[in-house]
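# Reading the structure
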Amino acid sequence: MNKGLLFVLTGASSVGKKDIRDRLLGDEQLHLNYSISMTTRPKRGEEVDGRDYYFVNHEAFAQALRNRELLEYTEFDGYYYGTPKHQVDFLLNSGKNVMVEVEAQGVGQIKLQYPDALCVFVEPESMEELEKQIMLRYRDDAASAQRRISKALVELELSSLFRHTVKNTDVDAAYEEIRRLLDEHMRERGNKA
Ligand code: 5GP
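Residues numbered from 1 in each chain as written. Predicted model: local features only at pLDDT ≥ 70, side-chain atom pairs only at ≥ 80, totals over all residues. Heavy atoms only, no water.

What counts, and what does not: UniProt positions are given in the numbering used here, feature names are shortened, and annotations may be inferred rather than shown by experiment.
Under the annotation held in an unreviewed UniProt entry, the protein chain carries the name Guanylate kinase and is attributed to [Clostridium] innocuum 2959. Recorded under Subcellular location (unreviewed entry), the UniProt text for the protein chain is reproduced unchanged: "Cytoplasm". Under the Function (unreviewed entry) heading, UniProt states for the protein chain: "Essential for recycling GMP and indirectly, cGMP."

### Here we look at unusual backbone geometry
The cut-off we apply is this: Secondary structure elements are taken from DSSP: a helix is a run of H or I of four residues or more, a strand is a run of E of two residues or more, and numbering for both begins at the N terminus. Only protein chains enter the calculation, and the probe is 1.4 Å; a residue is then buried if its accessible area is under 20% of its type maximum, exposed if over 50%, and partly exposed in between.
In the Ramachandran plot, H31 falls in the positive-phi region, its phi being about 50° despite a non-glycine side chain. If you trace the backbone, H31 turns up in the loop between α1 (17-25) and β2 (32-34). Relative accessible area serves as the criterion here: at 37%, H31 is assigned to the partly exposed category.

### Considerations on the site of the ligand
The condition that has to hold: Definition of nearness: a residue and a molecule or strand are near each other if at least one heavy atom of the residue lies within 4 Å of the molecule or strand. Identification of polar contacts relies on pairs of N or O atoms within 3.5 Å, with a donor-acceptor requirement for protein atoms, meaning one able to donate a hydrogen and the other able to accept it, and with residues adjacent in sequence counted only if both atoms are side-chain atoms. Every accessible area reported is derived by Shrake-Rupley at a probe size of 1.4 Å, with residue values counting cover from the shown protein chains alone. In this classification, the charged set is Asp, Glu, Lys and Arg, the nonpolar set is Ala, Val, Leu, Ile, Met, Phe, Trp, Tyr, Cys and Pro, and all remaining amino acids, among them Gly, are polar.
Near the ligand, the surroundings consist of 17 residues, among which R41, Y53, E72, Y81 and E101 are the closest. Side-chain polar atom of Y53 to an oxygen atom of the ligand: 2.6 Å apart, as the coordinates give it. Contact with the protein chains removes 95% of the 510 Å² of surface that the ligand exposes when unbound. Mapped onto the shell around the ligand, the elements with two or more residues apiece are β5 (70-76), β6 (79-84) and β7 (97-102). For the shell around the ligand, a count of residues per class yields 5 nonpolar, 5 polar and 7 charged.

### What about the sheet that holds β2?
Here is the rule: When DSSP locates at least two bridges between a pair of strands, those strands are taken to pair. Fitting a line to C-alpha atoms yields each axis, with helices limited to the stretch in contact; the angle taken between N-to-C directions then spans 0 to 180 degrees. Should any heavy atoms of two residues lie within 4.5 Å, those residues are counted as being in contact.
Strand order in this open sheet of 5 strands is β2-β7-β1-β8-β9, and the pairing throughout is parallel. On the outer flanks of this sheet lie β2 and β9 (164-168), each paired with one strand and no other. Within this sheet the neighbouring strands show an average axis-to-axis angle of 30°, counted without direction. In terms of strand pairing, strand β8 (residues 118-124) meets β9 through 5 bridges, oriented parallel. Within β9, the residue paired with V122 across the bridge is V166. Packed onto the sheet, helix α7 (residues 171-189) meets β1 (6-11), β2, β7, β8 and β9 and runs at close to 160° relative to β9.

### Structural notes on helix α3 (residues 85-93)
Note the threshold: In this description, one arc is meant: the one made by directions from the helix axis to the C-beta atoms.
Listed as buried for α3 are Q87, V88, L91 and L92. The arc that holds every buried residue of α3, seen down its axis, measures 120°, which confines them to one face. Along α3, exposed side chains directed more than 90 degrees from the buried face belong to H86 and F90. Downstream of α3 by a residue or two, G95 has a phi angle that is positive, lying close to 80°.

### Notes on the sheet that holds β6
Strand order in the open sheet formed by 4 strands is β4-β3-β6-β5, with mixed pairing between adjacent strands. The open sheet is flanked by β4 (54-55) and β5, the only strands paired with a single partner. In terms of strand pairing, strand β3 (residues 38-39) meets β6 through 2 bridges, oriented antiparallel. For M38, the partnering residue across the bridge sits in β6 and is G82. Relative to the sheet, α3 contacts β4, β5 and β6, its axis offset from that of β6 by approximately 25°.

Pasting the structure below:
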């Protein structure tokens, strides 16, 4: 049995990764399984534990790190985020395709362990547009918005390291472009698509 494909979606905060992710996950032909991250960030809005994230305290996160249970991890805006390794390996080894959504600095750690992962960097229409989105989404927390904007500037610098970048001027077009890339990759590797 072929191992599944590991697909890594990355890009700055508020660039629209979640909308693209949901479109891709809803596409039954892609057979994508979402890898749920672990985070110390508190739940926001409608988020559900075990669906959007595994919400854990610092102690549980540190324990997972100590036990080498995380494929990669990062600190973002004062909170920790990490990808549970067992889940990803289990799915890949069962021939399932896996999608992870991480900020750009996590990608290097993933590539070291899974060199044939398909990584796609989502770019904003412009930095001005991205700033607007971040300010809007975090209007109740100006300090967090500023930190996310600073981080986005650094992340955008990393985009040149990616072979595949997709500009998110329109979510449908971005989804179609990524879908094509996935389709191509899956066919090359003999995965289900
Ligand atoms: P948010 O707090 O907005 O849900 O996520 C903040 C950032 O962390 C986003 O850019 C998101 O893609 C990223 N992120 C979520 N889970 C992980 C993870 O497991 N690892 C890494 N490196 N980044 C993550």
